[in-house]
Amino acid sequence: VLLVRNKKEFSALGSKCPHYGAPLSKGVLRGERLRCPWHGACFNVKTGDIEEYPSLDCLPCFKVTVKDGKVFVTAKKKVLTLPAATKHKQHLELESSVRMKDTSKRCLLNRDTMLLLGGGVAALLCAETLRQEGFTGRIIMVTKEKHVPYDKSKLSKEMNLKPEDAYLRKPEFLDAQCIELWREKEAVSVDFQKQKVRFMDGSSQKYHQLLIATGSHSSSLKVPGADLQNVCTLQTPEDSSKILELATGKNLVIVGASFIGTRLECLSTACLGFGRVQMFLQQCSLEFPSEYSNQLPLPFQMLQNKGVKFYMKTELSELKGKDGKVTEAVLASGEKLPAAVVVVAIGVIPNSAFLKGTSIARDDKGAILVDLHMQTNIPNVFAAGDVVSFPVALLNGDRSSIHHQQVAEAHGHTAALNMLKKEKELHTVPFFWTTMLGKSIRYAGCGKGYTDTVVKGSLEQQKFLIFYIRDSFVTAAASLNCDPMVSLIAEVLWSGKQISKEEAE
């Protein structure tokens, strides 16, 4: 139990974040909001309700009584029997460690249909929020994948996981909420006038409100040999298992400097026994400075120390193979890298090609344009997640696409509220996290276009906090081994307060 005192009021809540079990006693408390120190989820200390993602569930609350200067917490307990290895010793545990919001039941008299295209976290949060907010009509989620929504961040962190171990919700949960999940089904066109979606198998479905949350797909290489076998992207649990199987004990080449690429390198060097790992890139997407101008950014230094070889500011000119399988990567310099497996991590493209020729507004990259209500320019059509470009407060309202799980969840929640005419604007601070060689990296805000940095701590000792500065104010922060500082900065930015460069220094 976590006992919280806010001014003169006491609250008792579950002590661990429902997301990954972080100790909330080490989190950030500002007013009635408690923010997780690891991944930025926020909870109301009075109700336990989730107020910021990525956690899907709320905290349990317990009765608090103050008498004669003492605080008493009342909670039910349950007896758990431990496995045989502990000789069946019994211990007591609180009856509930997480809590789900109450939801409405499906009513067949309500003929309205909410059609959600996509099987990721944006669609999942939209569906759950609709039920939590009292919608009793039909909810249909449509995904081209064979799985229920799963935690995609685990694909590169724990590549030997079974798909079921990454599921965010079990199929039985969706069934209980009367959320229909149509798997392995892909939309090919939308008739916005008739409010009807047509699918690849020839079927169609009408809607009253439509959410487009189809996500994005990995950009493909455009060089000779790109179609050889064992040239992979990482998008699904099946891709993760395939890369692990193919690359164990073999030479692996990673194209790109995204977090996906670096996490794969981390796995390859730390625990999976891959052979030589080499990486080359034209641009670095990791916004970490170096101690000296001629050094690699810190995450790359960490990996280089584990045997990963980097080829910076170079291009891939060709992939060569034998018997249809890739055997080497040829750089523009002519250097040849042995490669039994090539993983491509060079960015993503919005899954919006099926909207080509329609009147829905998209940018030049194909991202759907939405406002802060997640509303498109088409009545009754909303969009969320990786497929959208939306106004970002930390960019002074300029549009951007931000491919973070927490952002997608906030999008889905906001879209649901506005599908129900709640007139709710998106209000979130992007929060990203990863681990690298056992070190925890946190990132909050939006550093796009930053012009300066302030570094506190030591990059060399791998314990630091970095502020990203644009127009003399902090727009983002990143840290390594400095919890809960990024959560604190995220909460300050969420409140609307600006942090000047001088304050950061």
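Everything here concerns the structure above.
A brief look at the structure comes next. (Residues numbered from 1 in each chain as written. Predicted model: local features only at pLDDT ≥ 70, side-chain atom pairs only at ≥ 80, totals over all residues. Heavy atoms only, no water.)

Another aspect to go through is the packing of aromatic side chains. The final tally for this structure, using the stated rule, is 3 aromatic pairs. Here the aromatic rings of Y443 and Y468 are separated by 5.9 Å at their centres, their planes lie at 50°, and the arrangement is tilted. Taken together, the residues Y443 in strand β33 (residues 439-445) and Y468 in strand β35 (residues 463-470) connect sequence positions 25 residues apart. Seen in terms of ring centroids, Y450 and Y468 are 5.0 Å apart; in terms of plane orientation they differ by 75°. Their pairing is edge-to-face. Of this pair, Y450 sits in the loop between β33 and β34 (452-458) while Y468 sits in strand β35, placing them 18 residues apart in sequence. Judged by relative accessible area, Y468 falls into the buried class, the value being 0%. Each member of the aromatic cluster is reached from another via a ring pair, and the members are Y443, Y450 and Y468. For R169, the ring lying beneath its charged end belongs to F173, and the centroid distance is 4.3 Å. (Phe/Tyr/Trp six-rings, centres within 6.5 Å; stacked < 30°, edge-to-face > 60°. Helix = DSSP H or I, 4+ residues; strand = E, 2+ residues; numbered from the N terminus. Buried < 20%, exposed > 50% of the residue type's maximum accessible area, 1.4 Å probe, protein only. Lys NZ or Arg CZ within 6 Å of the ring centre and 35° of its normal.)

Its location among the elements puts S479 in strand β36 (residues 473-480). With sequence-adjacent residues up to four places away left out, S479 is seen in contact with S440, I441, R442, F464, L465 and V486. (Contact = heavy atoms within 4.5 Å.)

Looking now at the state of the cysteines. Per the stated rule, a full pass over the model turns up 0 disulfides. Unpaired in terms of disulfides, C36 finds its nearest cysteine sulfur in C17, a separation of 4.0 Å. Take C36: its relative accessible area is 1%, and that puts it in the buried class. (Disulfide = S-S within 2.5 Å.)

The 5 strands lie next to each other as β32-β33-β36-β35-β34, forming an open sheet whose pairing is antiparallel. Taken across any chain shown, the strands that pair with only one partner, and hence form the sheet edges, are β32 (431-436) and β34. Going across the sheet, the axis of each strand differs from the next one's by a mean of 15°, ignoring polarity. Of the pairings in the sheet, the one linking β33 to β36 comprises 5 bridges and is antiparallel in character. Considered in β36, the bridge of A444 is made with A477. In the packing of helix α8 (residues 485-494) onto the sheet, contacts are made with β32, β33, β35 and β36, and the angle to β36 comes to roughly 160°. (Pairing = 2+ DSSP bridges. Axes fitted to C-alpha atoms, helices over the stretch in contact; angles between N-to-C directions.)

Further remarks concern the environment of N481. For N481, the location among the structural elements is in the loop between β36 and α8. Among the residues examined, N481 registers a relative accessible area of 31% and is labelled partly exposed. Measuring from C-alpha to C-alpha, the distance between N481 and K439 comes to 6.7 Å, with 42 residues separating the pair along the chain. Not counting residues within four places of it along the chain, the set of residues in contact with N481 comprises K439, S440, Q462 and K463.

With respect to burial, β35 is a largely interior element, 7 of its 8 residues being buried. Of the pairings in the sheet, the one linking β34 to β35 comprises 7 bridges and is antiparallel in character. Across the sheet, residue G457 finds its bridge partner in β35, namely F464. Taken together, β34 and the strand that follows it, β35, pair antiparallel across an intervening segment of 4 residues, in which Q462 is found at a positive phi of about 60°.

This part is about the sheet that holds strand β8 (residues 70-74). Read from one edge of the open sheet, 4 strands run β1-β2-β7-β8, paired in antiparallel fashion. Two strands lie at the open edges of the sheet, namely β1 (2-6) and β8, each paired on one side alone. Ignoring strand direction, the axes of neighbouring strands in this sheet form an average angle of 30°. Of the pairings in the sheet, the one linking strand β7 (residues 61-67) to β8 comprises 5 bridges and is antiparallel in character. Along β8, the bridge assignment pairs V66 with V71.

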